[in-house]
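Next come the chains, spelled out residue by residue.
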Amino acid sequence: SFHRAALGWELGARGTCFPLALLSISSVLDGRGHLSSSDAMVAYSKIVVAGGGIIGNSISYYLAKRHSLACTIVDPAGIAPAASGKAGGFLARDWSDGSPIQELQRRSFDLHAEQAEHLGADEIDYRRLECIAVACDERGGKPGGKKLKGVEWADLNTLGSRVMGGTDTIAQVHPKKLCEAMWNYSQETVGSKLINGRVIEAITDDDGSICGVKLEDGTTVDADALVVACGPWTDAARTWFGPEAGSKVPRMSGIKYHSILIPSPRVLGQAVFFQGHGDPEVYPRPDGDAYITGFPDPAVTVTESPGEEEVRSEMVDRLIDATKKTSSELGDIPPHTKQACYLPTTNDGLPAIGEVPGVKGAFVASGHGCWGILNGPATGEAVAEMLAEGRTKHLDLRLLGLDSPYRR
């Protein structure tokens, strides 16, 4: 499920979080354990961002907050219509330590706290919480068992538990509320614009630099920079830049997850990763909802439109059944929301963040898998720095670039 690989449990072909743990980053770290500084690039001002999810809105937020720059977001369904509006918003600071996204993840976790202070924690449902893993007995029979010490609400057929993180390293946010708050800030502060549409072509001048984008309705938008932040739909951008440059955009697929929201009788403060009954994950929210997900589909090229993902009743039933078997407190409460979304993933499991080789002013920021909400702020901060100042100031993204030696 969403973050199972980060716990050291087997994901197999369905996994989205790793092979990151298999990749050593020691060869590119300096003596202090930090990635070396990145090369300078040319700055831009007429910026179009294709994609209105967590990455696109994070870019717009940091362009406005740090650089007083507006941008134009182009999305066929508005702000956070897909995974960025339906994800769980679970945040873990150190679960990718030792992988190529370690520094990205640690910085982004800290930026979430800064955003909560700036935008208002209550406005975006940000809070710190605990996380545990609970193993369950799947032998059948009448649900029972004892309540384990340190376990807040998971009480049926429990065999054991272990702590995965406390309030120093675990937090959560409501993804859609965060995206909307970031967008409102960018719009109100610097006049960023939203176009409901779909980019179908990047327009370049004689020297191969971006000078505009063409939309599906035939209109064009002036631009000197285009950032592709379309999540699992980023694969379509391989046709925007011509065959040679388009081939440099990593292939992008989507892993479909279903989720349900159950109104809990009380506000819970402990996220639980279950081992057993299909390995569901439950993230209680400060508004009283319990977000429950699991049972991912295999990765596919996504053909469903953003915000129009089919919700399959048999997958919802599996989530409801798993809840009944793991919690007496939540199991008998019907869900008020049933939904599905796709997590974007590259073939190598690494997010793609960087300039498109051969096209000046073209960038990609996508493929964050199960850590998209978590790593949105640091990605947005870094891309905004590249666009406004020509270089990243806090992270070296060459390891995640489109021409990275790890890219395959």
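Residues numbered from 1 in each chain as written. Predicted model: local features only at pLDDT ≥ 70, side-chain atom pairs only at ≥ 80, totals over all residues. Heavy atoms only, no water.

Moving on, we get to the environment of A378. On the secondary structure map, A378 appears in helix α8 (residues 372-389). You can call A378 buried: its relative accessible area is 0%. In sequence terms A378 and I55 are 323 residues apart; their C-alpha atoms lie 9.3 Å from each other. If near-sequence neighbours (up to four positions away) are discounted, A378 is found in contact with L104, R107, S108, L111 and L395. (Helix = DSSP H or I, 4+ residues; strand = E, 2+ residues; numbered from the N terminus. Buried < 20%, exposed > 50% of the residue type's maximum accessible area, 1.4 Å probe, protein only. Contact = heavy atoms within 4.5 Å.)

It is worth spelling out the confidence of the model for the protein chain at this point. The predicted coordinates ought not to be read in detail in places where the model reports low pLDDT. Looking at the protein chain, the pLDDT average stands at 89 and 88% of residues meet or exceed 70. Counting interchain partners and residues more than four positions distant, the pLDDT-below-50 stretch residues 4-41 has 92 contacts. (pLDDT = per-residue confidence, 0-100.)

A few words on the sheet that holds strand β18 (residues 352-355). Read across the sheet, 6 strands follow the order β8-β2-β1-β12-β19-β18 without closing on themselves; strand pairing throughout is mixed. With partners counted over all chains shown, the strands left at the sheet margins are β8 (193-196) and β18, one partner each. The average angle at which neighbouring strand axes cross in this sheet is 20°, direction not considered. When strand β12 (residues 225-228) meets strand β19 (residues 362-366), the two strands line up parallel, connected through 3 bridges. Bridging from a neighbouring strand, L226 pairs with A362 of β19. (Pairing = 2+ DSSP bridges. Axes fitted to C-alpha atoms, helices over the stretch in contact; angles between N-to-C directions.)

To continue, consider α8. Given a rise of 1.5 Å per residue, 18 residues ought to cover 26 Å, and the 24 Å separating the end C-alpha atoms of α8 matches this to within 8%. Taking the largest bend as the criterion, α8 deviates by roughly 30°, centred on A378. When you tally the buried positions in α8, you get 16 out of 18 residues, the bulk of the element. Phi turns positive, to about 85°, at G390, one or two residues after α8. (Expected span 1.5 Å × (residues − 1). Bend = angle between axes of the 7 residues up to and from the residue.)

Moving on: unusual backbone geometry. Leaving glycine aside, a negative phi is the common case for residues, and trans is the common case for peptide bonds. Phi at S68 is positive, roughly 55°, even though this residue is not glycine. Counting through the fold element by element, S68 comes out in the loop between α1 (54-67) and β2 (71-75). Looking at S68, the relative accessible area reads 58%, which means it is exposed. With phi around 55°, H277 is a residue other than glycine that occupies positive phi space. Structurally, H277 is set in the loop between β14 (270-275) and β15 (281-284).

Here we come to the packing of α1 against α8. With their axes 7 Å apart at the nearest point, α1 and α8 run at an angle of 50° to one another. When the axis of α1 is compared with that of α8, the two are oblique. Once α1 is placed against α8, the crossing between them reads as right-handed. Tallied by class, residues from the contact of α1 with α8 come to 11 nonpolar, 6 polar and 4 charged. (Parallel < 35°, antiparallel > 145°, perpendicular 65-115°, else oblique. Left-handed = near helix turned anticlockwise from the far one by under 90°. Nonpolar A, V, L, I, M, F, W, Y, C, P; charged D, E, K, R; others polar.)

Glancing now at the nonpolar core. Most often, soluble globular proteins keep nonpolar side chains buried together rather than apart. Formed by 69 residues in total, the largest nonpolar core has its most connected members in I47, F90, W95 and L387. The biggest single contributor to this core is α8, with 8 residues. Within the second largest apolar cluster, 28 residues are counted, among which are A82, A237, F241 and A362. (Core = buried A, V, L, I, M, F, W, Y, C linked by side-chain atoms within 4.5 Å.)

A few words now on the sheet that holds strand β9 (residues 199-204). With antiparallel pairing, the 3 strands of this open sheet are ordered in space as β9-β10-β11. Every other strand in the sheet has two partners, leaving β9 and β11 (220-222) as the edge strands with one partner each. Each neighbouring strand pair of the sheet contributes to a mean axis angle of 25°, computed without reference to strand direction.

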